[in-house]
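What follows is the residue order along each chain.
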Number of protein chains: 2
Amino acid sequence: MKYEAVTIKDIAKALGLSTSTVSRALRDSYEISPETKKIVIEYAQQINYRPNPIALSLKEKRSRSIGIIVCEIANSFFSQAINGIESIAYDKGYNVIIAQSHESYEREILNLQYLASRSIDGLLISVSSETENLDHLINLHKRGFPIVFFDRVVENLDTHKVGVDNYKGAYDATSELIKNGHQNIAMLAGSEFLSITKERVAGYHQALTDHKIAFDASQIEYCLHGGMNYQEVENALGSLLANNNKPSAVIASADKLTTNCLRYFKSKDLEVPNDIAMIGFSNLDLTDLLSPSLSVIRQPAYEIGQVAIELLIKQIENKRPTTEFEKIILPPQMIIRESSGAKKAR
Amino acid sequence: MKYEAVTIKDIAKALGLSTSTVSRALRDSYEISPETKKIVIEYAQQINYRPNPIALSLKEKRSRSIGIIVCEIANSFFSQAINGIESIAYDKGYNVIIAQSHESYEREILNLQYLASRSIDGLLISVSSETENLDHLINLHKRGFPIVFFDRVVENLDTHKVGVDNYKGAYDATSELIKNGHQNIAMLAGSEFLSITKERVAGYHQALTDHKIAFDASQIEYCLHGGMNYQEVENALGSLLANNNKPSAVIASADKLTTNCLRYFKSKDLEVPNDIAMIGFSNLDLTDLLSPSLSVIRQPAYEIGQVAIELLIKQIENKRPTTEFEKIILPPQMIIRESSGAKKAR
DNA sequence: CTAAAAACCGGGAACGATTGCATAAATAAA
DNA sequence: TTTATTTATGCAATCGTTCCCGGTTTTTAG
């Protein structure tokens, strides 16, 4: 331990100056003569002086660190989004503290308290799938604390929001399956609390309607934990396949849902896409290597992260409180591979 | 912004006490009368007082945050390890700051400077595959700064180290392929700088020797960036397959290497395991869904993270400088699936 | 040659919390 | 009653940095 860093005082003492002069010299103040500046800066460099960020935080009442809350970092979408966030944050001198909710409302609140106590300057959050009550976020927001939602945005809170066009993603996916001859298309949806789920369901619904296919509510199964545990997906698919109106294709509306759906079909020896076709939202970068290769709706995760952090930093560094909030919607990308293949005659 | 937190001063003023009394009352000092304590504690609770961690850090010269440097968080092994790290760290009141080297030596140094400037109390690092020179770490270590290496440990530095038995993992994998009738087994290895690569190569070598198969150095190709870019893997496999002594099986010694190897075989229309068999180190949890399903050597990533952070915190909280360092080796797990299947007559 | 204006630098308070020391009052012992 | 001891509280320094407020030169203007 005992990792004694060199301070501005050490420099002052060594050079026979006052701390204020040293401080000003290092910050290139006009009040300091060029010669003094030169001496101070050179000496500081020589002994490898680094300003203490903690002392600065205390003085400036900001920590230059921002909090991120996601459900899981071991999820392609989020790890990509975090990469996007970091790429900008580090450039602007912010560091990020990452917390995981593991899709639990309770842990989300705990995380938030924790981050708040670490005095972060702002928050980037994609709410847990259990999150229905928003009081914990509303409280902070009311006190002017900067919050930006990404991906899983919420409705009743006026802040910056960044996500994809979920409606379009689901609409396109559904249309693709219909184009391939499927009439009975089920939806394996995420948590009903999430607006992204609602939007995806709406896109699915509309595509059916536009193609003159009757909408059947029993063709939708919601997974509260977004497919985090396999059991949940197993139950959902079990009841979808037991439907009178047995589906010939499935849309999975989240990363984990997609892979667990495929896993389920494998375990039941259902051949994709012949026995049942599928297409899913996923940001995995090896969906091309799966068996069969997966048709997916991919979200621009990296860009979402970048846009979100930019909005957040802009809000943090704003002198006046922000009143105009932006909602930015990026387009999803559909990649067609084998799993959504045309339904063959049997 | 103006997110004004309540301080100990506010309490003191409101209650007509001094800040020292309030501080002591909140820390339950014996010097404060029970009545005063009660008043202070109740009022603090009422106005939701939280001690300012930054002020504390400044005073106590510790930030209660630890740094993690890994190559990529979007890598199953590392995201699982980070989960393990967090599970312990948060319990003990530490937060973690994650930085990614993206397998670049240069960025690793930048990250280290950054983390040091954020005055972390300790460091958990899995070095980049480019890292050969260790001066940046040696400097810190000499000054008594707590560092724990995990997974990619280095040799010439006396610190705590946590990893898996790479030798055994590679030995078992090689033996499995030999058992399945393969005599020409190539190795797609990671960076030559990394000790884990050396250990894996050694395990592979020994297994060949033990089975009376001649070792051929041209059957090994090293990938400096550990498979981060596909190009690298493409070149390596290209030259392995162009060998006179053409391999009938390949061992991939890292996560990205494994998946990119499979991707290469697909692109060349090589059927696995009939045209060429493979087994790889991987912590992906959908290797069972790949086509073919992959035989893998899996590392206990979560546990590695947990053990590493425990050692680090122990060292941080030690009064006296640590002199005895531990090296903990956990066992890998071999999961046999289709890709390593017996070689069929053609 | 004097007065005003730059130019340059130091003292010390402040940020929020802890803590050794001093001090006051209250109680106990002599 | 006087002295010693305990009890309860306050003062002030400290951590590293910035910045307001002065102060002392030196330069410039009249």
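Details of the structure are given in the entry above.
Note that this is a predicted model, so its numbers are computed, not measured.

**Description of helix α5 (residues 76-91) of chain A**
In an α-helix, one turn spans 3.6 residues; hence positions three or four apart end up facing the same way.
All names here are of chain A.
Then step 1. For α5, with 16 residues, the first-to-last C-alpha span of 23 Å sits near the 22 Å given by 1.5 Å per residue.
Then step 2. Of all the 16 residues making up α5, 14 are buried; the element is thus mostly covered by neighbouring parts of the structure.
Then step 3. At the N-terminal boundary of α5, the capping side chain belongs to Asn75, with an oxygen 2.9 Å from the backbone nitrogen of Phe77.

**Some words on the sheet that holds strand β10 (residues 295-298) of chain B**
Residues and elements named next belong to chain B.
Then step 1. What the six strands build is an open sheet, ordered β7-β6-β8-β9-β10-β12; its pairing is mixed. With partners counted over all chains shown, the strands left at the sheet margins are β7 (220-222) and β12 (333-335), one partner each. Recorded for the sheet is a direction-independent mean angle of 15° between the axes of neighbouring strands.
Then step 2. Looking at chain direction, strand β8 (residues 249-252) and strand β9 (residues 277-281) are connected through four bridges and run parallel. Bridge pairing in β9 links Ala252 to Gly280.
Then step 3. Along the sheet face, helix α10 (residues 230-241) touches β6 (185-189), β7 and β8 and points at about 160° away from the line of β6.

**Considering the protein's contact with DNA strand C**
Then step 1. Lining the immediate environment of DNA strand C, one finds 28 residues, of which Thr21, Thr36 and Lys61 of chain A together with Ile8 and Ser23 of chain B sit closest.
Then step 2. The sugar-phosphate portion of DNA strand C accounts for 62% of its atoms within 4 Å of the protein, the bases making up the rest.
Then step 3. Ser20 of chain A is positioned such that a nitrogen or oxygen atom in its side chain is 3.2 Å from a base nitrogen of DNA strand C.
Then step 4. In this structure, a base oxygen belonging to DNA strand C sits 3.4 Å away from a side-chain N or O atom of Lys59 of chain B.
Then step 5. Counting residues per element, the ones that place at least two in the surface near DNA strand C are α2 (19-26) and α4 (53-60) of chain A together with α1 (8-15), α2 (19-26) and α4 (53-60) of chain B.
Then step 6. For the surface near DNA strand C, the residue count by class is nine nonpolar, ten polar and nine charged.

**So, the packing of α1 of chain B against helix α3 (residues 34-46) of chain B**
Residues and elements named next belong to chain B.
Then step 1. Running from N to C, α1 and α3 cross one another at 125°; their axes reach a closest spacing of 11 Å. Taken together, the axes of α1 and α3 lie oblique to each other. As for the relative orientation of α1 and α3, their crossing is right-handed in sense. Counted together, Ile11, Ala14 and Leu15 of α1 and Ile39, Val40, Tyr43 and Ala44 of α3 form the full contact between these two elements.
Then step 2. Taken together, the residues of the contact of α1 with α3 break down into seven nonpolar, no polar and no charged.

Calculation criteria
Residues numbered from 1 in each chain as written. Chains lettered and ligands numbered in written order. Predicted model: local features only at pLDDT ≥ 70, side-chain atom pairs only at ≥ 80, totals over all residues. Heavy atoms only, no water. Helix = DSSP H or I, 4+ residues; strand = E, 2+ residues; numbered from the N terminus. Expected span 1.5 Å × (residues − 1). Buried < 20%, exposed > 50% of the residue type's maximum accessible area, 1.4 Å probe, protein only. Polar contact = N/O pair within 3.5 Å; in protein donor to acceptor, adjacent residues only side chain to side chain. Pairing = 2+ DSSP bridges. Axes fitted to C-alpha atoms, helices over the stretch in contact; angles between N-to-C directions. Contact = heavy atoms within 4.5 Å. Near = heavy atom within 4 Å. Nonpolar A, V, L, I, M, F, W, Y, C, P; charged D, E, K, R; others polar. Parallel < 35°, antiparallel > 145°, perpendicular 65-115°, else oblique. Left-handed = near helix turned anticlockwise from the far one by under 90°.

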